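So the chains spell out like this:
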Amino acid sequence: MTDLDIKHLQMHFSGVRALDDISFNVNKGEIFSLVGPNGSGKSTLFNCINGFCKPQNGNIIYNDIDLINSKPHQIVRYGISRTFQNLQNVPYMTLLQNVLIGAHSRLTIGDTINRWFSKNERIREENLALEVMDFLGIANLENKYLSGQPYGIQKLVEIARALICKPKLILMDEPAAGMNNQETLEIGKIISEIRDILGITVLVVEHDMSLVMSISDQICVLDSGKILAMGKP
Ligand code: ADP
Ligand code: MG
């Protein structure tokens, strides 16, 4: 069953064709990998899916909704969250506070009012954050400040902040970049568990080909904004 249907996507930045007629489907429950050299359009594709960039042409259909006309805060509520290639964490906040930022993406006006008057609402959010952090093995660091934490831990915080949004589809931009071999194996296991245990469809950009070959159901190769090849590992 199709989860995400991308059709004839075109995204130009002045003269640069970052995405040039891209079409593919991601099926529900799949781990779908995007690979390709730097500058081939992978992060731009993520930016189009989560509403940061508005493509000049094409459609991105998710559960019958065309995401092209949706805003980032709406898209996360439809069930799509993401991580960033350049970490978007806040160094002077604790790990727990960083993860809680993701929970705010789903707050309604009613929730916001509840948070003012009810400690329970805040406790509920914190428990949810700790659950996600426990899943990733970083719950014991909840009160540590992010600055000074190893890069590998900061990458996990980035993933935790995306998971607390309760996505049905997660976009992960180079989760293993900058990791050593052991950490890369660990990330591979986490990506598989996100799909197998949490039941989330995964669209991942990655350069580590042994990781990509070991976890993917489908692989799409981009080059200069075009699809070069697509298929099973
Ligand atoms: P990748 O993630 O595959 O390394 P990107 O999607 O970041 O590639 O970039 C694809 C191309 O689009 C590059 O040539 C890049 O310079 C250009 N690009 C990406 N974002 C912007 C932007 N906001 N403004 C101008 N050019 C951009
Ligand atoms: Mg990129």
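Check the entry above for the structure.
Everything in this summary refers to the structure shown in the same document. Everything quoted here is computed from the prediction, not taken from an experiment.

**Looking at the coordination of the magnesium ion (ligand 2)**
The protein atoms that coordinate the magnesium ion (ligand 2) are Ser43 (OG) and Gln85 (OE1), at distances spanning 2.1 Å. Here Gln85 lies in the loop between β6 (80-82) and α3 (95-103) and Ser43 lies in helix α1 (residues 42-49), a separation of 42 residues in the sequence. With relative accessibility at 22%, the residue Ser43 sits in the partly exposed group.

**Describing the site of ligand 1**
In the neighbourhood of ligand 1, the contacting residues comprise Phe13, Val16, Ala18, Pro37, Asn38, Gly39, Ser40, Gly41, Lys42, Ser43 and Thr44. Taking Lys42, its side chain carries an N or O atom lying 2.7 Å from an oxygen atom of ligand 1. Relative to its free-state accessible area of 560 Å², ligand 1 is covered by the protein chains to the extent of 60%. Secondary structure elements with two or more residues in the shell around ligand 1: β2 (16-27) and α1. Residue contributions to the shell around ligand 1 peak at three residues, all from α1. For the shell around ligand 1, the per-class residue count stands at four nonpolar, six polar and one charged.

**Focus on the sheet that holds strand β7 (residues 169-173)**
Pairing in this open sheet of six strands is mixed, and the strands run β6-β7-β8-β3-β9-β10 from one edge to the other. Two strands close off the open sheet at either side, each with one partner strand: β6 and β10 (226-231). Each adjacent strand pair in this sheet contributes to an overall mean axis angle of 15°, direction not counted. Lying over the sheet, helix α7 (residues 181-196) contacts β3 (31-35), β7 and β8 (201-205), oriented at roughly 155° with respect to β8.

Basis of the calculations
- Residues numbered from 1 in each chain as written.
- Chains lettered and ligands numbered in written order.
- Predicted model: local features only at pLDDT ≥ 70, side-chain atom pairs only at ≥ 80, totals over all residues.
- Heavy atoms only, no water.
- Donors = N, O, S within 2.8 Å, 3.2 Å for Na, K, Ca; no water.
- Helix = DSSP H or I, 4+ residues; strand = E, 2+ residues; numbered from the N terminus.
- Buried < 20%, exposed > 50% of the residue type's maximum accessible area, 1.4 Å probe, protein only.
- Near = heavy atom within 4 Å.
- Polar contact = N/O pair within 3.5 Å; in protein donor to acceptor, adjacent residues only side chain to side chain.
- Areas by Shrake-Rupley, 256 points an atom, 1.4 Å probe, with all protein chains shown as cover.
- Nonpolar A, V, L, I, M, F, W, Y, C, P; charged D, E, K, R; others polar.
- Pairing = 2+ DSSP bridges.
- Axes fitted to C-alpha atoms, helices over the stretch in contact; angles between N-to-C directions.
- Contact = heavy atoms within 4.5 Å.

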